[in-house]
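# Coordinate analysis (summary)
Single-letter residue listing:
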Amino acid sequence: MATLTVRTVSSVNEQAFTDLLVPLVQPAYRLACAMLHDSGAAEDIVQDASVIAWRKVGKLNDQSKVRSWFLGIVANECRNARRRRWLTAVTIGLPSELSVLSGENRTVNGADVRHALRQLSHDDRLVVVLYFYLDMPVEEIATIARTSVGAARTRLYRAIRRLRPDMVIEEALR
Amino acid sequence: MSLRTDIKDAIDDVTPPALGLENRVRAMVLADGKERRVSVHVGRRSPWNIRFRGMGALAAAALVVVLIAGLVIGGRVWRDAANGNLGQASSINQSDLHKLESKALVLPVLLPGGVCPFSPDTRQLGMQGTVLGDGPVYMYDAWALGTTVQQGDWGAFAFYYVAKDPGIVLVRAGDLATRQAFPFAQYSDGTTGAVAAGPVLGTDRLNGETIRMHPEAVLQDPSRLKPLNQQLIVMFAIPRATLCWAFQFDGPGFTETIVWGWDDAQSKA
């Protein structure tokens, strides 16, 4: 990851800032996709979040926390987008007749998992995505979700119980 | 497979590579930085410059407002005339409508404390993303239009109707917990082949505009619509306390129900 050559982040220029941000773009995009299940909206979110981050970079005091800080902005933008957009599907050419998408088992399972994820609240889904999809530690998840470590862990356990009621928590966490 | 693998596979399925996103992010930040520097530079002007600049800005703003108002009003009249929206409501066959209205609105039962029986994502119509409904009506998009004190959240809902037989489709909706029916209004922010129907129940103010509320909406027979109007977008208000509701579609030879809502008040907020 790029490092800033200045002591405080508040005096960073655009070039140094983007050098710092670029390695975080793909994780941010994956987070937004996981939250919204809409790749187009996810790209928009990442771009908007980048400009917001740039404008607020003076508030970032600790450069080592740039990842959790930026992903926190992305998560917040996803929450706002979800408030505006309740549901969306992207057409792949106008349907002239009814056609069912692939019946392959993996796709069906994937659809089931995505449906289950969509049933979770924003906050619960966020911790699930950060923990299982982006492989982040609970401490960093708590920072991104702007909550305590204990509360983040509670959300994670609650979400696991909703996703897999029959699974032992320790087994699910692996 | 582990839960972790299941989640990764499921999300990867809807996460195509975002090629060039880093470059776009870099360009946006650089452009924003330049814009802010320019605005700071422009701010260092003499008081006279500021005074004339202020008057000029006011005049320009007034001109823009007049132009926009003219375009909006003119555009709506043109659009309505071109697409026949002015005559849509009256073009509905009232006899067909009354027949459909005679069918009872039967909402699924939601017991106190029960889980909302959301319709599953059927992923039909060759679309990428959530598609609700088993057909012939499918819901594929929904977005917020604004919130009012009187009614709650107004939303727009987009449907595809794969018609097998000619005829209109009646749309009604209601809260599964309170059994309260929702008011519909005419969606006007774009072309639509759906029409708010039935008697006017009252009015509401949404985003500075007065809208008339009706008890139902009608999806026009697709075969009778011009191509531009084949989007079927209905607009209705969801009371603030509502978390779980259903649409009922009654059309030629079918009745279909789609259940949708929020999982909790927080995610609705």
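Above this text is the structure in question.
What this report covers is the structure whose coordinates are included nearby. Keep in mind that what you see is a predicted model, and the values were worked out from it rather than measured.

### Remarks on the overall build of chain A
What chain A contains, in helices and strands, is eight helices and one strand. Walking chain A from its N terminus toward its C terminus, one meets helices and strands in the order α-α-α-β-α-α-α-α-α. Counting all 174 residues of chain A, 52% fall into the buried class. Long-range pairs, those at least 24 residues apart, make up 64% of the contacts in chain A between residues at least 6 apart in sequence. Carbon together with sulfur atoms contributes 49% to the accessible area of chain A, which is approximately 8300 Å² in total.

### Some thoughts on the sheet that holds strand β9 (residues 216-219) of chain B
Residue and element names in this part refer to chain B. If you walk across this open sheet you meet the five strands as β6-β9-β4-β11-β12, and the pairing is antiparallel. The sheet terminates laterally at β6 (194-197) and β12 (254-261), the two strands that pair on one side only. The mean angle between the axes of side-by-side strands here comes to 25°, regardless of whether they run parallel or antiparallel. Relative to β9, strand β4 (residues 169-175) runs antiparallel, the two sharing three bridges.

### Looking at the nonpolar core
Leu-31, Trp-69, Phe-70, Val-74 and Val-128 of chain A together with Ile-7 of chain B are the most contacted members of the largest nonpolar core, which totals 65 residues. Broken down by element, the residue count for this core peaks at 13 residues, all from helix α1 (residues 14-36) of chain A. The residues contacting Leu-31 of chain A, other than those within four sequence positions of it, are Leu-71, Val-74, Ala-75, Leu-126, Val-129, Leu-130 and Leu-134 of chain A. In this structure, Val-137, Val-234, Phe-236 and Phe-254 of chain B belong to the second largest nonpolar core, which totals 29 residues.

### Observations regarding the pattern of salt bridges
Within this structure, the stated rule accounts for 10 salt bridges over all chains. Between Asp-124 of chain A and Arg-158 of chain A there is a salt bridge, with its nearest N and O atoms 2.6 Å apart. Note that Asp-124 of chain A is positioned in helix α5 (residues 122-133) and Arg-158 of chain A in helix α7 (residues 149-163), a separation of 34 residues in sequence. Classification of Asp-124 of chain A as buried rests on a relative accessible area of 3%. The residue Asp-135 of chain A makes a salt bridge to Arg-4 of chain B at a minimum N-O spacing of 2.7 Å. Here Asp-135 of chain A is found in the loop between α5 and α6 (138-144), whereas its partner Arg-4 of chain B is found in helix α1 (residues 3-12) on a different chain.

### Details of the state of the cysteines
The full count for this structure, using the stated rule, is one disulfide over all chains. In this model Cys-116 of chain B forms its disulfide with Cys-244 of chain B; the gap between the sulfur atoms is 2.0 Å. Around the S-S axis, the bridge from Cys-116 of chain B to Cys-244 of chain B shows a dihedral of about 75° and counts as right-handed. You can see Cys-116 of chain B sitting in the loop between α5 (94-101) and β1 (127-129) and its partner Cys-244 of chain B sitting in strand β11 (residues 244-251), a full 128 residues away along the chain. Cys-244 of chain B matches Cys-116 of chain B in its accessibility class, with the two residues each being buried. Of the cysteine sulfurs around Cys-33 of chain A, a residue in no disulfide, the closest is that of Cys-78 of chain A, at 9.1 Å.

### Section: helix α2 (residues 39-55) of chain A
Residue and element names in this part refer to chain A. Helix length check: α2 (17 residues) gives 25 Å between terminal C-alpha atoms against 24 Å at 1.5 Å per residue, within 8%. Here α2 has its buried residues at Ser-39, Ala-42, Glu-43, Ile-45, Val-46, Gln-47, Ala-49, Ser-50, Val-51, Ala-53 and Trp-54. Sitting at the head of α2, Asp-38 places a side-chain oxygen 3.1 Å from the backbone nitrogen of Gly-40.

Rules and cut-offs
- Residues numbered from 1 in each chain as written.
- Chains lettered and ligands numbered in written order.
- Predicted model: local features only at pLDDT ≥ 70, side-chain atom pairs only at ≥ 80, totals over all residues.
- Heavy atoms only, no water.
- Helix = DSSP H or I, 4+ residues; strand = E, 2+ residues; numbered from the N terminus.
- Buried < 20%, exposed > 50% of the residue type's maximum accessible area, 1.4 Å probe, protein only.
- Contact = heavy atoms within 4.5 Å.
- Areas by Shrake-Rupley, 256 points an atom, 1.4 Å probe, with all protein chains shown as cover.
- Pairing = 2+ DSSP bridges.
- Axes fitted to C-alpha atoms, helices over the stretch in contact; angles between N-to-C directions.
- Core = buried A, V, L, I, M, F, W, Y, C linked by side-chain atoms within 4.5 Å.
- Salt bridge = Lys/Arg side-chain N within 4 Å of Asp/Glu carboxyl O.
- Disulfide = S-S within 2.5 Å.
- Expected span 1.5 Å × (residues − 1).
- Polar contact = N/O pair within 3.5 Å; in protein donor to acceptor, adjacent residues only side chain to side chain.

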